[in-house]
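# Coordinates in review
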Number of protein chains: 2
Amino acid sequence: MDIKVAYGKKVRQIRKDKGVSQEKLAELAELDRTYISGIENGKRNVSIETIFKIAEALNIPVIEFFEF
Amino acid sequence: MDIKVAYGKKVRQIRKDKGVSQEKLAELAELDRTYISGIENGKRNVSIETIFKIAEALNIPVIEFFEF
DNA sequence: TCATTTTGTAGACTATAGTCCGTGGTACAA
DNA sequence: TTGTACCACGGACTATAGTCTACAAAATGA
């Protein structure tokens with residue numbers, strides 16, 4: 001189990017559940033759209049601050065991103 | 001509440017509970033000793049892979065590091 | 001179809017994560 | 001005093017996080 005892949009899948013799943021595009025999430029989290037794409041595809045080793053930005057942007061507790 | 005500070009405090013608390021030195025944790029997590037120090041003092045923006053390495057080294061589920 | 005939205009990815013770039021060297025400080029035991 | 005274990009921190013360094021631009025490919029709906 002690759003943690004980057006698992007985290008990326010979670011982000012995508014929660015984002016889609018909320019009906020938000022990558023572009024909108026990027027705007028809310030103040031990140032680049034292409035970076036969100038990289039994260040969701042398990043290619044990025046995100047920092048703890050980025051993890052929090054994304055959790056806040058999606059209005060979901062950080063813990064939920066680590067329930068695999 | 002600074003996420004880096006909160007995370008660092010958690011790492012220190014759990015590490016001390018386990019009676020492990022920074023040096024030993026660094027060795028177990030395959031990280032640099034001075035970097036562990038920086039993390040515990042809330043000065044480092046650790047990556048998701050590093051978060052997992054530390055959790056595994058301390059044998060604690062990642063989720064526990066995010067229960068503030 | 002066709003237009004529009006959404007996404008993947010590449011390349012070049014800047015900022016910073018993480019390493020490795022060292023020094024010094026504190027605490028405790030011999 | 002001396003040794004030893006632990007920790008904070010600085011500087012210099014390499015690897016990579018994260019940005020930005022651009023283009024192409026799906027996907028979606030009319």
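Below, the structure is looked at part by part. (Residues numbered from 1 in each chain as written. Chains lettered and ligands numbered in written order. Predicted model: local features only at pLDDT ≥ 70, side-chain atom pairs only at ≥ 80, totals over all residues. Heavy atoms only, no water.)

A separate point is the overall build of chain A. In terms of helices and strands, chain A carries four helices and zero strands. Going from the N terminus to the C terminus, chain A shows its helices and strands as α-α-α-α. Put simply, chain A has 68 residues, and 50% of those count as buried. Taken as a whole, chain A presents about 3,700 Å² of accessible surface, with 43% of it coming from carbon and sulfur. Across chain A, 12 positive and 11 negative side-chain charges occur, with their mean positions spaced 7 Å apart. (Helix = DSSP H or I, 4+ residues; strand = E, 2+ residues; numbered from the N terminus. Buried < 20%, exposed > 50% of the residue type's maximum accessible area, 1.4 Å probe, protein only. Areas by Shrake-Rupley, 256 points an atom, 1.4 Å probe, with all protein chains shown as cover. Lys, Arg positive; Asp, Glu negative; His and termini not counted. Charge placed at Lys NZ, Arg CZ, Asp CG, Glu CD.)

Taken together, 20 residues surround DNA strand D, and among them Tyr35 and Ser47 of chain A together with Arg12, Gln22 and Lys43 of chain B come closest. One nitrogen or oxygen atom from the main chain of Asp32 of chain A is found 3.0 Å from a phosphate oxygen belonging to DNA strand D. Contact distances for DNA strand D include 3.4 Å between a phosphate oxygen and a side-chain N or O atom of Asn41 of chain B. When contributions to the surface near DNA strand D are tallied by element, the ones reaching two or more residues are helix H3 (33-40) of chain A together with helix H1 (3-17) and helix H3 (33-40) of chain B. (Near = heavy atom within 4 Å. Polar contact = N/O pair within 3.5 Å; in protein donor to acceptor, adjacent residues only side chain to side chain.)

Our next topic: the relation of the copies chain B and chain A. Here chain B sits on chain A after a turn of 180° about the axis and a move of 0.0 Å along it, with an RMSD of 0.0 Å. Within this description, the copies of the chain are treated as partners about a two-fold rotation axis. By C-alpha distance to the rotation axis, the residue of chain B lying nearest is Ser47 of chain B, at 2.0 Å. A high fraction, 100%, of the interface residues of chain B reappear at the interface in chain A, so the copies pair face to face through one surface. (Least-squares fit on C-alpha atoms with pLDDT ≥ 70 in both. Contact = heavy atoms within 4.5 Å.)

For the rest of this paragraph, the subject is helix H1 (residues 3-17) of chain A. Over its 15 residues, H1 of chain A extends 21 Å from the first C-alpha to the last, a length consistent with the 21 Å expected when each residue adds 1.5 Å. Of all the residues in H1 of chain A, the buried ones are Ile3, Lys4, Ala6, Tyr7, Gly8, Lys10, Val11, Ile14 and Arg15 of chain A. Against helix H2 (22-29), H3 and helix H4 (48-58) of chain A together with helix H4 (48-58) of chain B lie the buried residues of H1 of chain A. Capping the start of H1 of chain A, Asp2 of chain A holds a side-chain oxygen 2.8 Å from the backbone nitrogen of Lys4 of chain A, two or three residues further along. Directly beyond the C-terminal end of H1 of chain A, a positive phi value near 65° is found at Gly19 of chain A. (Expected span 1.5 Å × (residues − 1).)

In the neighbourhood of DNA strand C, 20 residues make up the surrounding shell, with Arg12, Gln22 and Lys43 of chain A together with Tyr35 and Ser47 of chain B lying closest. For DNA strand C, the backbone portion of the atoms within 4 Å of the protein, that is sugar and phosphate, comes to 63%. Note that a base nitrogen of DNA strand C is positioned 3.4 Å from one of the side-chain N or O atoms of Arg44 of chain B. Broken down by secondary-structure element, the contributors of at least two residues to the surface near DNA strand C are H1 and H3 of chain A together with H3 of chain B.

Another aspect to go through is the side chain of Ser47 of chain B. Along the chain, Ser47 of chain B turns up in the loop between H3 and H4. At 3.1 Å, the side chain of Ser47 of chain B and the side chain of Asn45 of chain A are in polar contact. When residues no more than four places from it in sequence are discounted, the contact partners of Ser47 of chain B are Asn45, Val46 and Ser47 of chain A.

Residue and element names in this part refer to chain B. Mapped onto the secondary structure, Ile36 falls in helix H3. For the pair formed by Ile36 and Ile3, sequence separation is 33 residues and the distance between their alpha carbons is 16 Å. Residues contacting Ile36, with those up to four places away along its chain left out, are Gln22, Leu25, Ala26, Leu31 and Ile54.

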